[in-house]
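Listed below are the residues making up each chain.
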Amino acid sequence: MKKSLVILLAATVGLAACNTEKKGPGGLLYKIHKSGGKDKIKEGDVVKLNFIQKNERDSVLGSTYDSEQAQIFPVGKKQYAGDMQDVLTLFGEGDSATFKINLDTMAFHSKQPKPDMFKNDKYIVFTVKIEKVFKKGPNEADSTFQKRAGDFFQSDYKADMDKKKAAEPTKIKTYIDENNLKVQTSASGLQYVITAPGSGVKAVDGDTVSVNYTGKFTKKGEDKKYKIFDTSDEKLAKEAKVHQPGRPYGPTKMVVGGTVPGFTEALKLVGKGGKVTAIIPSKLGYGEQGGGPIGPFSPLVFEIEVIDVIKPKAGATPPPAPVAPTAGHSANDGHKH
């Protein structure tokens with residue numbers, strides 16, 4: 001999929017109207033589930049919204065609820081009837097809706113073919129909640145409005161992050177309780193369950209380990225399952241829709257010390273053949289910044305099996321220290337946690 005179409009699909013965060021499906025411009029279909037009764041969105045407004053993106057077979061392709069991070073979207077001038085900018089003007093603050101963007105219309109105006117992932121679909125489906133519409137005041141200068149909007153959404157973002165930080169211990173406890181885990185807690189705050197201790201010498205920093213692993217969030221997604229964000233198991237990757245064609249699956253080699261602290265600590269807990277489930281708080285993972293599909297202040301769960309522990313050869317140069325903490329893949333396999 002070409003970059004411009006990826007951007008277009010990501011931007012196509014639309015909404016819907018009433019109890020019956022209505023027709024909109026450009027082959028759009030929509031219905032509003034709940035109206036906030038506010039003024040409709042206009043060009044120049046800045047909106048904050050949550051959305052779930054699906055195909056016509058009801059498979060979830062993306063969700064801000066999974067990442068727990070609403071999107072901020074400045075509304076520009078529409079490029080064609082039924083594009084994202086056009087769709088947004090059907091809705092107002094507080095509205096929740098479902099809309100279906102016509103993929104043929106999108107392909108025609110973008111002059112790009114329909115992506116393979118949608119080859120059997122006529123529509124891409126979004127269910128959206130408009131959380132906030134920030135409007136420009138009468139005769140307000142653009143620079144003044146942009147600063148006012150920037151200040152508002154910065155403050156709003158900080159409030160969101162404070163809530164996420166405060167909620168993290170509860171997320172971890174809920175996951176442990178839901179799965180009836182008898183965890184141990186290390187001095188660092190890592191919580192873990194060793195299901196098989198393994199044999200032989202345990203890994204230390206600088207060793208190379210070969211591992212099978214699956215990383216998932218502590219919060220269940222729209223499908224009521226814990227969402228997997230990365231795994232070395234190809235079958236699981238396909239089921240979780242995180243499969244990367246061409247990527248090598250199966251046991252993955254990595255240098256101990258080259259991952260985020262919580263994952264590194266977990267690798268040292270068992271020997272060859274050992275298995276451990278590690279619940280990693282964000283301070284031992286991706287912290288307040290997050291990374292990729294992992295949002296700020298996100299606790300993570302890794303199920304790890306140590307296939308082998310490989311000690312450095314005598315006289316070998318120690319591997320360089322990692323530039324930044326990562327959590328899973330080694331630097332030389334092209335995938336990092």
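Quick caveat: nothing in here was measured; it's all calculated off a predicted structure.

Enquirer: What should I look at first to understand the pairing of strand E14 (residues 300-310) in this one?
Expert: Sheet faces and side chains relate simply in a regular strand, where the side chains alternate between the two faces. Taken together, the ten bridges between strand E10 (residues 208-220) and E14 define a ladder with antiparallel strand orientation. Looking at E14, one finds that valine 209 is bridged to valine 309.

Enquirer: Whenever I open this one, unusual backbone geometry confuses me. Can you help?
Expert: Working note: non-glycine residues mostly have negative phi, and peptide bonds are mostly trans. With a phi angle near 60°, lysine 111 is a residue other than glycine that sits in the positive phi range. Along the chain, the position of lysine 111 falls in the loop between helix H4 (103-110) and strand E7 (123-134).

Enquirer: Would you mind showing me how to read helix H5 (residues 142-178) here?
Expert: For an α-helix the count is 3.6 residues per turn, leaving residues at separations of three or four pointing the same way. A rise of 1.5 Å per residue sets the reference length of H5, with its 37 residues, at 54 Å; its end C-alpha atoms lie 50 Å apart and thus fit the reference within 8%. Along H5, the largest kink reaches about 40° and is centred on alanine 167; proline proline 169 follows within four residues of it. The complete set of buried residues in H5 reads Phe145, Ala149, Phe153, Met161, Lys164, Glu168, Lys171, Ile172, Tyr175 and Ile176. Note on H5: the residue one or two positions beyond its end, asparagine 180, has a positive phi of about 50°.

Enquirer: What's the story with the packing of aromatic side chains in this structure? I'm lost.
Expert: Scanning the entire structure with this criterion turns up 13 aromatic pairs. Here a set of aromatic residues connected by ring pairs shows up, and it is made of Tyr213, Phe217, Phe229, Phe263 and Phe302.

Enquirer: What's the story with H4 in this structure? I'm lost.
Expert: Along H4, the residues that are buried comprise Leu103, Thr105, Met106 and Ala107. Regarding H4, its N-cap is asparagine 102, as a side-chain oxygen of that residue lies 2.9 Å from the backbone nitrogen of aspartate 104 further along. Lysine 111, located one to two residues past H4, shows a positive phi value of around 60°.

Enquirer: Is there a simple way to think about the environment of lysine 31 in this case?
Expert: Structurally, lysine 31 can be placed in strand E2 (residues 29-34). Note: C-alpha distance between lysine 31 and phenylalanine 99 (68 residues apart in sequence) is 6.4 Å.

Enquirer: Even after reading the chapter, I still don't get the side chain of lysine 48, so can you show me in this structure?
Expert: Structurally, the position occupied by lysine 48 is in strand E3 (residues 46-54). At 2.6 Å, the side chain of lysine 48 forms a polar contact with the side chain of aspartate 156. Here aspartate 160 takes part through its side chain, which lies 3.1 Å from a polar atom of the side chain of lysine 48.

Enquirer: What's the story with the side chain of glutamate 168 in this structure? I'm lost.
Expert: Summarising the element assignment, glutamate 168 is placed in helix H5. Lysine 171 provides the closest opposite charge to the buried, salt-bridge-free glutamate 168, at an N-O distance of 7.4 Å. Apart from the residues lying within four places of it in its own chain, the contact partners of glutamate 168 are Pro281, Ser282, Phe297 and Pro299.

Enquirer: Just to check I follow, could you spell out the environment of threonine 105 for this structure?
Expert: The topology assignment puts threonine 105 in helix H4. Through-space distance from the C-alpha of threonine 105 to that of glycine 82 is 8.1 Å; in sequence the pair is 23 residues apart. Ignoring any residue separated from it by four or fewer positions in sequence, one finds threonine 105 in contact with Gly26, Tyr80 and Ala81.

Enquirer: Can you walk me through the pattern of salt bridges in this structure?
Expert: Between side chains of opposite charge, a pair can form when the charged atoms approach closely. Tallied over the entire structure, the rule returns 22 salt bridges. With a closest N to O distance of 2.6 Å, aspartate 156 and lysine 48 form a salt bridge. Of this pair, aspartate 156 sits in helix H5 while lysine 48 sits in strand E3, and the two are 108 residues apart along the sequence. Owing to a relative accessible area of 11%, lysine 48 belongs among the buried residues under this scheme.

Enquirer: Can you walk me through the environment of lysine 268 in this structure?
Expert: Assignment of secondary structure puts lysine 268 in the loop between helix H7 (261-267) and strand E13 (275-280). In the structure, lysine 268 is positioned 66 residues away from lysine 202 in sequence and 5.8 Å away in space, judged by C-alpha atoms. Setting aside residues no more than four positions away along its own chain, lysine 268 makes contact with Lys202, Ala203, Asp205 and Val256.

Enquirer: Would you take a moment to explain the confidence of the model for the chain for this structure?
Expert: Do not read the predicted coordinates in detail wherever pLDDT is low. When pLDDT is averaged across the chain, the result is 86; 87% of the residues are at 70 or more. Contacts from residues 319-337, a stretch scored under 50 in pLDDT, to residues over four places away or in other chains number 46 contacts.

What counts as what
- Residues numbered from 1 in each chain as written.
- Predicted model: local features only at pLDDT ≥ 70, side-chain atom pairs only at ≥ 80, totals over all residues.
- Heavy atoms only, no water.
- Pairing = 2+ DSSP bridges.
- Helix = DSSP H or I, 4+ residues; strand = E, 2+ residues; numbered from the N terminus.
- Expected span 1.5 Å × (residues − 1).
- Bend = angle between axes of the 7 residues up to and from the residue.
- Buried < 20%, exposed > 50% of the residue type's maximum accessible area, 1.4 Å probe, protein only.
- Phe/Tyr/Trp six-rings, centres within 6.5 Å; stacked < 30°, edge-to-face > 60°.
- Polar contact = N/O pair within 3.5 Å; in protein donor to acceptor, adjacent residues only side chain to side chain.
- Lys, Arg positive; Asp, Glu negative; His and termini not counted.
- Salt bridge = Lys/Arg side-chain N within 4 Å of Asp/Glu carboxyl O.
- Contact = heavy atoms within 4.5 Å.
- pLDDT = per-residue confidence, 0-100.

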